[in-house]
Each structure stands twice: as C-alpha cells, then as structure tokens.
Amino acid sequence: MIELIPCPACGREISAEEGVCPHCGAAFCPACRSPMPEEADRCPACGTVWAWFCSHCDAPVPPEAEICPSCGAPLRPRPCGRCGTMVPPDEPCPGCGAEPCPDCGAWVPADASACPACGLPLGEMCARCGAALPEGADRCPACGAPAGEPTCPRCGQPVAPESGLCPACGAIWCPMCGEPGPEEPLTAETRCRWCGFALAFACPGCGAVLLSTASECPDCGRVFPRRCPSCEKPLFGAPERCPSCGASIPPSPPEARPTSSTSPGLAVLAVCPNCRTLFRPSEGPCPSCGQRLCPRCRARLWPDELICPRCGAETGARCPDCQAIIPLGASACPICGAELVFACPRCETRVSERTERCPRCGLDLSGRCPRCGAELPEEADACPACGQALCPECGSAVAEDARACPVCGAAFTYVCETCGVELEPEATRCPRCGHPA
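Parameters at a glance
- Positions within a chain are numbered from 1, following the residues in the order the chain's sequence is written.
- Totals for whole chains, interfaces and linings use every residue, but because this is a predicted model, local features are given only for residues with pLDDT of at least 70 and side-chain atom pairs only at 80 or more, for both listing and counting.
- As a rule here, side-chain values cover all heavy atoms of the structure and leave hydrogens and water aside.
- The criterion for a disulfide is a pair of cysteine sulfur atoms lying within 2.5 Å.
- Only buried Ala, Val, Leu, Ile, Met, Phe, Trp, Tyr and Cys residues count toward a nonpolar core, and they belong to the same one when joined by side-chain atoms within 4.5 Å.
- Accessible area is worked out with a 1.4 Å probe on protein chains only. A residue is then buried under 20% of its type maximum, exposed over 50%, and partly exposed in between.
- Only centres within 6.5 Å qualify two rings of Phe, Tyr or Trp (six-membered ring in Trp) as a pair; their planes then separate them into stacked at under 30 degrees, edge-to-face at over 60, and tilted for everything else.
- In this text, helices come from DSSP runs of H or I with a minimum length of four residues, and strands from runs of E with a minimum of two, each type numbered from the N-terminal end.

All right, on to the state of the cysteines then. All chains considered together, the criterion is met by zero disulfides. In this model Cys-242 remains outside any disulfide bridge; the closest cysteine sulfur is found in Cys-231, 3.7 Å from its own.

Structure (structure tokens):
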C-alpha cells in the first residue's frame, strides 16, 4: 500500500516517496518534507543528498534541468496547452486528457486519431511494420500481421513474434504474418498457409529440418547468420544470398555441439500443456501426467521419441540395461537406477557398469575375451587363457601385427622386452639386441 501524505504547499494527497507535487509542482524533501529549492542538490534542513534521474530513461540529470539531456523527456510538471492544468511528466493531462504529440510536441485532444499540427497517426499501430490499424481490425492491412498484443496462438502467453516459436507450449507460427503453423512435424517444404513463407529449411551441413528462425543446427552445430552483413535486414533459413540486397552470405563454420543439459538454448522450466505443472524438461517427463517435452524448444514428444521432430535436438537416450528413456543430461536411468558412468570407446554413448553390449554400435563391453570368453584383467593386451591379442583401451580382439585398434582407433606401440627400443609390428627380432620379438 502506497503511503499518502498532504503536499506541504497545496495540501492535496501525494505519495510519500514523491519529491515533487504533481498537482502544484512544489519541490520538497521526501525524508523530512521541508521545502526544497528546485536547483538544490542537498536538503537544507536534514542534509539528505539528492541524485536526480530521468523518469523516462533513468539517465542522471542536473537538478535545474527542465528536460532530460539524454532523451529530451520533460522532467517537471508543465501546464497543459489546452486547459492549463499542471501535467506530470509522461502522463496525460488530468484535466482534459490531452497529451503532447510524440513527433512535434503539440497538445493533442484525448479523442483525436491524429495530431492536428503534424498529422501523425495516434491510433493503434502495427507492431511489425508501424502502419495504422483500422478500428476493430484483426490483421494489419499492410503486412498481414495479427493486430493487438503479440501472444501465442495456442496458449495465449506473451511472445516475440519474430521468433516463430512459443517458449511456453512449443507452438509455432509464421514469423512474417503470425499465422499458426501446422501441428504435424515440419518438413523443409512446409510453408505458411496465409502468406506462403517457408517455415522450415534443411541444414546444409547435415540435412536436419530446422525452423526458419533457427540460429544454429543442434545436430551438426552449424551457425546461421540472422542478419545480412551488408544491409542488416533479417535473414531466415540458410540463404546463400540476401533476398533484400543480393549480397553474398558467407557460410558460418560449425560450432562445438553442446553435450550437457546446461548448454545455452535448452529450456530450463516449462509448463506442461496438459496439466499446467511447472517442471524441467531436461530432467524427465512431467511428474504429474508423464508428458515429455523437448528440452530445447519444448515441443510435445511421443513416449519413444529420442529426436525432437520440430527442432531436431536430442531429447534423451535409451537405457542400455532396461531400454527406458533417459532424459538428456541425466547421469542415471530413472527406471532401473543404472548409473551412466562410462563412455563406449567406439561411439561415446554413455553406458553403465553392467552394460555388456553398447546399445548404439553393438560393441562388446562385457570385459571377457571375444575368442574364449575368459575374464580379462584391466588394460590387458592379450587374453591370459588363449593368447588372443587385445586392445588395451577397449578390449577388442586385434591382429598380432595391428598398428591401431579397428574399433576405438587407439595406436599401438611395440617395444623390445630386453632393451626397450621401438619395433615395427612385423619385426621378428630386435634390430638393436637381436632378441626375438
């Protein structure tokens, strides 16, 4: 509750925090309510030091300034040009409702649709192109954008129209005209039903289907410029030339792909579109109804989807032990509790200690000899039971004279057991000491 006090000069109620009466313009100290000279920077009664800031742009201003030197906004009450009532800064006249024209400064009646001095339209304007909107219009007659405050066409939450994607429910729309997009997964040929704008495109690096407003590919990490380096016009998709000025758009090199759930661009909190529960999509499904959402774009996911059909992001992995879906970034399976503490040496898929075969590439991770099945000691280079040569890194069977592991790529170095000199894989004797290799 705002505390109201009588103005020391005119007696009308004002906020206790105000330093200037909006009715009569008298300045006083809000700490001790003593009259204050307008040019003072310290209260003469209690010694409070003043710091003056513009109420419009927050820039520091001199105590004696009438207008802000940074933005030109009025800093003190001034008389209305139509009825003479004192008007506080950034507010309409409390007497007749008139306001100064933002273009020429002339006082405009409250019911005027345009400035009588310069003709500037003062009615509702299109948020996209700035054109005047007819009263009751649903769309801008100039660019076709929806009229009114930009909101998600599905859930009604405030959104940025140019993003084309709702961060709350995952709905998509055309970033050019605002028409809601289709519910089915996008393809590189999907276009807006209203204006024909391409809603998606295929990444030139890996072919993944992405929203036209995507700034990077979540699969290969390729970055797409969002503005033309020549004319600064917005770019959509991955054009080779700017559609506005024709300038060549150089391709951006791929970036390092995010590997954890804390990477930029991943959704932290989301509202479940079914039950409105607030949860973290990167940690698993909705705890109330089980609905899964993409941790990057928050699109709805079917129970078995591991790749988001909307933005192409990885949404999880299958547990190598029980085949349940493990959320992206989780270190353990939410069903069987298997901890994913190791990486497959061939494809780097995270697996648990009891995983015997990689679920992605099929590599044997059991720790037994691939020839005779005997238990192998850690980092063994040969099976103690049958003599099969093994890769000391991943335990795969290798040829006796192999230079590198065909599975994990580890390079092998052969040395003489007697003198330690490095040997060629096909050597039968040490060239230095003659010991059999």
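Most often, soluble globular proteins have nonpolar side chains that are buried together. By size, the foremost hydrophobic cluster in this structure holds twelve residues: Leu-165, Ile-172, Leu-186, Ala-200, Leu-211, Cys-294, Cys-297, Ala-299, Leu-301, Cys-308, Cys-311 and Ala-313. Counting residues in hydrophobic clusters, the runner-up holds eight residues, among them Ala-389, Cys-391, Ala-410 and Phe-412.

Attention now goes to the packing of aromatic side chains. Evaluated as defined, the whole model comprises two aromatic pairs. When the centroid spacing of 5.1 Å and the interplanar angle of 85° are considered together, the rings of Phe-197 and Phe-236 count as edge-to-face. Within this pair, whereas Phe-197 is found in the loop between β6 (107-108) and β7 (200-202), its partner Phe-236 is found in the loop between β8 (209-211) and β9 (270-271), the two being separated by 39 residues in sequence. Owing to a relative accessible area of 25%, Phe-236 belongs among the partly exposed residues under this scheme. Ring geometry for Phe-201 and Phe-224: centres 5.2 Å apart, planes at 85°, overall edge-to-face. Of this pair, Phe-201 sits in strand β7 while Phe-224 is found in the loop between β8 and β9, placing the two residues 23 residues apart along the sequence. Pair check on accessibility: Phe-201 and Phe-224 agree, each one buried.

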